[in-house]
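# Close look at the chain arrangement
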Amino acid sequence: MTTGEKTADVIDAFLDGLWLEQGVSDNTLSAYRHDLTTWMARLESLGRDWRAPGGNMLPAWFDERREAGYQLRSNARLLSSLRRFYRWALVEEIITHDPLVEVRLPRVRPSLPNTLEEAEVERLLEAPDLSSALGMRDRAMLEVLYGAGLRVSELVGLTTDALNLRQGVVRVRGKGDKDRLVPLGEEAIVWLQRYLRSARGSLMRDITHPALFPGRADRAMTRQTFWHRIKVHARTAGIDRPLSPHTLRHAFATHLLNHGANLRVVQLLLGHSDLSTTQIYTHVAQVRLEALHADHHPRG
C-alpha cells in the first residue's frame, strides 16, 4: 500500500465518522475532503509526514496562500477543517500529539451586511406604482419586510391567518419551524389594510387561498420573484449600491440599534437563536457612528 493510499484511507475513515455520527451534508464532506487532500499532497511533495508535519508548515502555507490572493476567511476555514481532522486522529490514537494545537490565525472580523440609509429605505418603500394591484402588493410587502425585519422566505410564506391586525402582530415561522410573534408597526398595518381591501382580491382567482402575497396562479410568491421585484424598485428609487435579498432585514436591525433599541430585543425580533448572530449589527451601527463623526465633528 502506497503512502497516498494510506492517507486516502485515513481521510475516508474521518469522513465516514463525520457522516455516521453527525450526519453532515455532502457539500461539507466534499469541502473537508478537498482541504485534507490538498494538505496531504503538499506535505508529501515536501517529504513530510502528516502525523508530524512540523510546527511552521501550516503558517508558512497560510503566508503563501495570502500572497496568492486567498482571504483570511479562507485560511480560517481551512484551519478549522484541519483542526477537526487532527483532533479526530488524536482520539482514534492514530497520532499521539496534535501538531496544530499552537497554530493561530488573526481574528476574522465579521463581514458587515449590506444595508441602507433611512432616506434610501423611504425611497425604496415609495417606489412601487400604487395605481396597480401589483404595486400595492409590493408596497405592502416592502413595508412588512422593513417594519417587522422578516427574512424573505418568512415574508413570502405568510398566510392570511398569520395576521392579527387588531393586535398589530404577525405570526412568523422561522428557521427550524419555530414560530414567533412579531409586531408590525403602524405603517405596515396601514399598508396591509389597504392592500387587503383594494388589491389582494384582484390578484387571487381563488379568494380562499391562504397565501397573503400571491404570485402567479394563486400560489405564494417565490423568493426569487420577490428579489427581482426589489431590484426593479431599487432602480426606480435611484439606489445603485449592491443589495442582498435581506437588505431591508439588515436595515430594520441597524436602524433599531441606531435609535437605541436593546440588542436582546432585536435578537428576539429577528428570531436569532444566538445573540452572537445579532451582534454583527452593533458593528454596522458603530461604523455608521464613526462615519458621522468623521463627516461632522470639527476634529473628525
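Please refer to the structure higher up on the page.
Our subject in this report is the structure included herewith.

## Here we look at the layout of surface pockets
By volume, the largest pocket amounts to about 290 Å³. Forming the walls of the largest pocket are 18 residues, and the residues nearest its centre are Glu143, Tyr146, Gly147, Glu187 and Phe252. Elements with a minimum of two residues in the lining of the largest pocket: α5 (118-125), α6 (133-148), α8 (186-198) and α11 (247-258). Its residues assigned to classes, the lining of the largest pocket comprises seven nonpolar, four polar and seven charged.

## Describing the pattern of salt bridges
Evaluation of the coordinates by the stated rule reveals 12 salt bridges. Arg42 is paired through a salt bridge with Glu64; the nearest N and O atoms lie 3.1 Å apart. Of the two residues, Arg42 sits in helix α2 (residues 26-45) while Glu64 sits in helix α3 (residues 57-67), which places them 22 residues apart along the sequence. Judged by its relative accessible area of 41%, Glu64 is partly exposed. Between Glu143 and Arg139 there is a salt bridge, with its nearest N and O atoms 3.0 Å apart. Taken as a pair, Glu143 and Arg139 lie in helix α6 at a separation of four residues, close to a single helical turn. Residue classification places Glu143 among the buried residues on the basis of a relative accessible area of 6%. Where salt bridges share partners, they join Arg137, Asp138 and Arg229 into one cluster.

## Observations concerning the packing of aromatic side chains
The full count for this structure, using the stated rule, is nine aromatic pairs. Members of the aromatic cluster, joined through ring pairs, are Phe14, Tyr32, Trp50, Phe85, Tyr86 and Trp88. Note that Arg65 overlies the ring of Trp61, its terminal NZ or CZ placed 5.6 Å from the centroid. Just above the ring of Trp191 sits the side chain of Arg139; from NZ or CZ to the centre is 4.0 Å.

## Topic: the environment of Thr225
Within the secondary structure, Thr225 is located in helix α10 (residues 223-236). For the pair Thr225 and Val156, spaced 69 residues apart in sequence, the C-alpha to C-alpha distance is 9.7 Å.

## Describing the nonpolar core
In terms of nonpolar packing, the biggest core is built from 49 residues, with Val144, Leu155, Leu158, Leu184, Phe213 and Phe226 touching the most fellow members. Elements that contribute at least two residues to this core include exactly α5, α6, α7 (152-156), β2 (169-173), α8, α10, α11 and α12 (263-270). With eight residues, the top contributor of residues to this core is α6. Residue contacts for Phe213: discarding those within four places in its chain leaves Arg137, Ala140, Met141, Val144, Leu155, Leu158, Leu192, Tyr195, Arg219, Ala220 and Met221. By size, the runner-up hydrophobic cluster in this structure holds 27 residues, among which are Val24, Tyr32, Phe85 and Ala89.

## As for the sheet that holds β2
Pairing is antiparallel across the open sheet formed by three strands, whose spatial order is β1-β2-β3. Single-partner strands in this sheet number two, and they are β1 (163-164) and β3 (179-183). With two bridges joining them, β1 and β2 adopt antiparallel strand pairing. Among the inter-strand pairings, Leu163 is bridged to a residue of β2, identified as Val170.

## Focus on the side chain of Arg200
Note that Arg200 resides in helix α9 (residues 200-203). A polar side-chain atom of Arg200 sits 2.7 Å from the main-chain carbonyl oxygen of His209. Excluding anything up to four places from it in sequence, Arg200 contacts Thr160, Tyr195, Ile207, His209, Pro210, Ala211 and Leu212.

## A closer look at α6
Relative to the 22 Å expected for 16 residues at 1.5 Å per residue, α6 spans 22 Å between its end C-alpha atoms, a close match to the ideal helical length. Here α6 lies mainly inside the structure; 13 of its 16 residues are buried. Where α6 terminates, the next one or two residues include Gly149, which has phi positive at roughly 65 degrees.

Conventions adopted
Residues numbered from 1 in each chain as written. Predicted model: local features only at pLDDT ≥ 70, side-chain atom pairs only at ≥ 80, totals over all residues. Heavy atoms only, no water. 1 Å grid on protein atoms, 1.4 Å probe; cavity = no way out; pocket = protein on both sides within 12 Å on 5 of 7 lines; lining within 4 Å. Points joined across faces, edges and corners; volume = space filled by probe spheres on them. Helix = DSSP H or I, 4+ residues; strand = E, 2+ residues; numbered from the N terminus. Nonpolar A, V, L, I, M, F, W, Y, C, P; charged D, E, K, R; others polar. Salt bridge = Lys/Arg side-chain N within 4 Å of Asp/Glu carboxyl O. Buried < 20%, exposed > 50% of the residue type's maximum accessible area, 1.4 Å probe, protein only. Phe/Tyr/Trp six-rings, centres within 6.5 Å; stacked < 30°, edge-to-face > 60°. Lys NZ or Arg CZ within 6 Å of the ring centre and 35° of its normal. Core = buried A, V, L, I, M, F, W, Y, C linked by side-chain atoms within 4.5 Å. Contact = heavy atoms within 4.5 Å. Pairing = 2+ DSSP bridges. Polar contact = N/O pair within 3.5 Å; in protein donor to acceptor, adjacent residues only side chain to side chain. Expected span 1.5 Å × (residues − 1).

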